[in-house]
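Examination of the molecular architecture
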Amino acid sequence: MEYHICEESAQLASVAAARIRDIAMAAIHTSGRFTIALTGGSTPEKTYEYLAEHYVNDSHWEKWAVFVGDDRFVPPDHTASNFGMGHRLLLSRVPIEKGQIFPVPTHLASAEQAAAEYQKTIEKYFSPHPCIFDLILLGVGDDGHTASLFPKAPALNAISLVTHSPPGTLPPPIDRVTFTYPLINAARHVMFMASGEKKRPVISDLIARKKFAVDCPAIGVNPYPGKLLVYVDRDAAAT
Ligand code: 6PG
């Protein structure tokens, strides 16, 4: 695990953005493309803005394929949509074509159907290769949840690549679609970003591996042979 402590949240945004861009450039150099899953939550907002502002010109955006690691079952223009946030702050501000962007199909009848369909989209994209993302971004909640993998939830045991999940602990109470451990842990890089004092206990658990994943789902994120990267600001840093 790589553990990076930044002085404050603005620095976290710039350091994380630079790392994302480095991983993108290395992936494009090696394989000709870069596959990334965005995360929701408030922490990555500044990182997305930083990417759009500072790396708009020289990041080979035409080689990026952008997915979302979890989302609420709402249309993309809904305020609670993780994709909507990523689109507004990043994707709409960089030269990336619609065909390179893969939101959760929330126009379907249920979160369950959307999860099944999203898995098919991911498998088709990577086919004939296994579904190995270059980078999956994740946040972590005070209760230890990550993506839409909530403590003690059935989604923790899913063997599919994508699953649906009931609302969990975060408002608003809307069904969700989420990457599962098998997909997350297959990635070449998984990057947690956390900021603020409220995250300190969970970051401490994450670093020390003090709990079981069933109680603190972020602990179940162990990419192998990929790398786990944890970026926090000083307030969230484990003591
Ligand atoms: C979401 C994400 C969720 C998020 C954490 C951390 O839908 O918001 O799925 O896992 O990353 O709750 O969010 P903050 O960065 O806002 O604390």
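Residues numbered from 1 in each chain as written. Predicted model: local features only at pLDDT ≥ 70, side-chain atom pairs only at ≥ 80, totals over all residues. Heavy atoms only, no water.

**Details of the nonpolar core**
- Judged by nonpolar contacts, the single largest core of 79 residues is most densely connected at W64, I122, F133 and F179.
- Sequence-distant contacts of F133, that is, excluding residues within four places in its chain, are made with T35, I36, A37, F67, I122, F126, F179, L183, A187, R188 and H189. (Core = buried A, V, L, I, M, F, W, Y, C linked by side-chain atoms within 4.5 Å. Buried < 20%, exposed > 50% of the residue type's maximum accessible area, 1.4 Å probe, protein only. Contact = heavy atoms within 4.5 Å.)

**Overview of the site of the ligand**
- Within the structure, the ligand sits among 16 residues, and S42, T43, D70, H145 and K199 are positioned closest to it.
- Contacts to the ligand include R72, whose side-chain N or O atom sits 3.4 Å from an oxygen atom.
- Summarising the interface, the protein chains cover 89% of the accessible area of the ligand, which totals 420 Å² for the free molecule.
- Partitioning the shell around the ligand into residue classes produces three nonpolar, nine polar and four charged. (Near = heavy atom within 4 Å. Polar contact = N/O pair within 3.5 Å; in protein donor to acceptor, adjacent residues only side chain to side chain. Areas by Shrake-Rupley, 256 points an atom, 1.4 Å probe, with all protein chains shown as cover. Nonpolar A, V, L, I, M, F, W, Y, C, P; charged D, E, K, R; others polar.)

**Concerning the pattern of salt bridges**
- With the rule as written, the count across this model stands at ten salt bridges.
- A salt bridge links R188 to D134; its shortest N-O distance comes to 3.0 Å. With R188 in the loop between α5 (181-184) and β8 (189-194) and D134 in the loop between α4 (111-126) and β5 (135-138), the pair connects residues that are 54 residues apart, well separated along the chain.
- Residue D134 is classed as buried on the basis of its relative accessible area of 7%. (Salt bridge = Lys/Arg side-chain N within 4 Å of Asp/Glu carboxyl O. Helix = DSSP H or I, 4+ residues; strand = E, 2+ residues; numbered from the N terminus.)

**Some words on the packing of helix α1 (residues 9-31) against helix α2 (residues 44-54)**
- Where α1 meets α2, the closest approach of the two axes is 8 Å, and the angle between their N-to-C directions is 55°. By the angle between their axes, α1 is oblique relative to α2. Both α1 and α2 take part in a crossing whose hand is right-handed. Between α1 and α2, the residues in contact are S9, A13, S14, A16, A17, I20 and R21 and K46, T47, Y50 and L51, respectively. (Axes fitted to C-alpha atoms, helices over the stretch in contact; angles between N-to-C directions. Parallel < 35°, antiparallel > 145°, perpendicular 65-115°, else oblique. Left-handed = near helix turned anticlockwise from the far one by under 90°.)

**Structural notes on the pairing of strand β3 (residues 64-68)**
- With respect to burial, β3 is a largely interior element, five of its five residues being buried.
- Neither face of β3 is open: one carries W64, V66 and V68, the other A65 and F67, and all of them are buried.
- In this region the chain leaves strand β2 (residues 34-38), passes through α2 and returns to the parallel neighbour β3; the handedness of that crossover is right-handed. (Right-handed = clockwise from strand over helix to strand, strands pointing away.)

**Here's the deal with the environment of E8**
- Counting through the fold element by element, E8 comes out in the loop between β1 (2-6) and α1.
- For the pair E8 and L138, spaced 130 residues apart in the sequence, the C-alpha separation amounts to 19 Å.

**Some details on α4**
- For α4, with 16 residues, the first-to-last C-alpha span of 22 Å sits near the 22 Å given by 1.5 Å per residue.
- For α4, the complete set of buried residues consists of A111, A114, A115, Y118, Q119, I122 and F126. Angularly, the buried residues of α4 cover 135° about the axis, an arc narrow enough to put them on a single face. Turned more than 90 degrees from where α4 packs its buried face, K120 and K124 sit exposed. (Expected span 1.5 Å × (residues − 1). Arc of directions from axis to C-beta.)

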